[in-house]
Amino acid sequence: MLFWYSYMGKDTSKLTPRNLYDYTPLKILKYLIRQWNHMIPNDQSERENYMNYKWNEWINYMDTVEKLELPTKNEIISFPKDFQAADKRITEMWNKKRKKEAEERDQVYKDTMEHIANELQQNDNTKLSKFFNGMLGLKVIIPTSADMLVKEGARMGNCLSRYVDKVADKKTAIFFIRKCSDPEKEYYAMEYSDGKVLQLEAKAHSRDTKGNVEAFAKMFAKTLDELHWNEPEFVQQKENIGVA
């Protein structure tokens, strides 16, 4: 342990079995030295910085191994003969998994919002349709793809992209409010749930100081609430209460 402390400059009291993956600090250190012995600087300070960097590389590698649900107690995986090659493979596996999960998430989002769009926009209720057709100089746009949400968030300089998962998980619904005179240009974004406007923001999180957009959003939310609509169970609820 003293060898570890003097070599790495680490506070070993903070190293728990969890972030060491049940391996001793000395075992990890010896492995790192075997991997990079030919590159370790002679200067004490540089050596400690270099080994700290390599230590963190190994921890990040093991974190990814765990995320991939691979056995962390398998020493062939934990201490590969060629760490850099193994790290590259694990990173590629993780990136592929994340890409697949993102594609699946985006598809769920698309299915959810298309379902919402179909049910709301095809509803015969004139009180609802006027929000999509336009009234008071404003109209509601339904973002039917995750890409629409992400791009809108980028243009508006806010965190809309973070809501992809929440919408896909059917925890909330996001609507865009645009000017009828310029329906292609971003204006306001509205978060709706349980009959309420949870958030209503324009660019850079700015609010509606005049109150016109807020009044429009509240009218839209009230109409949805009167229809007993709650994302994204509208079909089932409509059948249950007999809404035409």
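Being a predicted model, the structure only gives us computed values, none of them experimental.

(A) Structural context of the overall build of the chain. Counting its secondary structure elements, the chain contains eleven helices and four strands. Evaluated residue by residue, the chain yields a buried proportion of 40% over its 244 residues. Sequence-distant contacts in the chain: of pairs separated by 6 or more residues, those separated by 24 or more amount to 62%. Element-wise, carbon and sulfur atoms account for 48% of the exposed surface of the chain, whose accessible area totals about 14,200 Å².

(B) Spotlight on unusual backbone geometry. Positive phi outside glycine occurs at Leu136, with the angle close to 55°. The residue Ala204 is not glycine, and still its phi comes out positive at about 55°. Following the sequence through the fold, Ala204 ends up in the loop between β4 (196-201) and α10 (212-226).

(C) Layout of the environment of Leu29. Following the sequence through the fold, Leu29 ends up in helix α3 (residues 25-36). Sequence spacing of Leu29 and Met51 is 22 residues, and the spatial spacing of their C-alpha atoms is 8.4 Å.

(D) Here's a closer look at the sheet that holds strand β1 (residues 138-141). The four strands are arranged β1-β2-β3-β4 in an open sheet whose pairing can be described as antiparallel. On the outer flanks of this sheet lie β1 and β4, each paired with one strand and no other. With direction set aside, neighbouring strand axes in the sheet form an average angle of 30°. As paired elements, β1 and strand β2 (residues 173-179) share four bridges and run antiparallel to each other. For Ile141, the partnering residue across the bridge sits in β2 and is Phe176. Contacts from helix α8 (residues 146-156) reach β2, β3 (188-193) and β4 within the one sheet, and its direction differs from that of β2 by about 55°.

(E) Spatial organisation of α3. Between its first and last C-alpha, α3 extends 16 Å over twelve residues, near the 16 Å set by a 1.5 Å rise per residue. Regarding α3, the residues found buried are Pro25, Ile28, Leu29, Tyr31, Leu32, Ile33, Gln35 and Trp36.

(F) Seen up close, the pattern of salt bridges. Summed over the entire model, instances satisfying the criterion amount to 14 salt bridges. With a shortest N-O distance of 3.2 Å, Glu186 and Arg155 are connected by a salt bridge. Note that Glu186 is positioned in the loop between β2 and β3 and Arg155 in helix α8, a separation of 31 residues in sequence. Owing to a relative accessible area of 40%, Arg155 belongs among the partly exposed residues under this scheme. Among the salt bridges present, the one from Lys166 reaches Glu191, with a minimum N-O distance of 3.5 Å. Placement of Lys166 in helix α9 (residues 164-168) and of Glu191 in strand β3 is noted, with a sequence separation of 25 residues between them.

The rules behind these values
- Residues numbered from 1 in each chain as written.
- Predicted model: local features only at pLDDT ≥ 70, side-chain atom pairs only at ≥ 80, totals over all residues.
- Heavy atoms only, no water.
- Helix = DSSP H or I, 4+ residues; strand = E, 2+ residues; numbered from the N terminus.
- Buried < 20%, exposed > 50% of the residue type's maximum accessible area, 1.4 Å probe, protein only.
- Contact = heavy atoms within 4.5 Å.
- Areas by Shrake-Rupley, 256 points an atom, 1.4 Å probe, with all protein chains shown as cover.
- Pairing = 2+ DSSP bridges.
- Axes fitted to C-alpha atoms, helices over the stretch in contact; angles between N-to-C directions.
- Expected span 1.5 Å × (residues − 1).
- Salt bridge = Lys/Arg side-chain N within 4 Å of Asp/Glu carboxyl O.

Remember that the coordinates give geometry; whether it matters functionally is a separate question.
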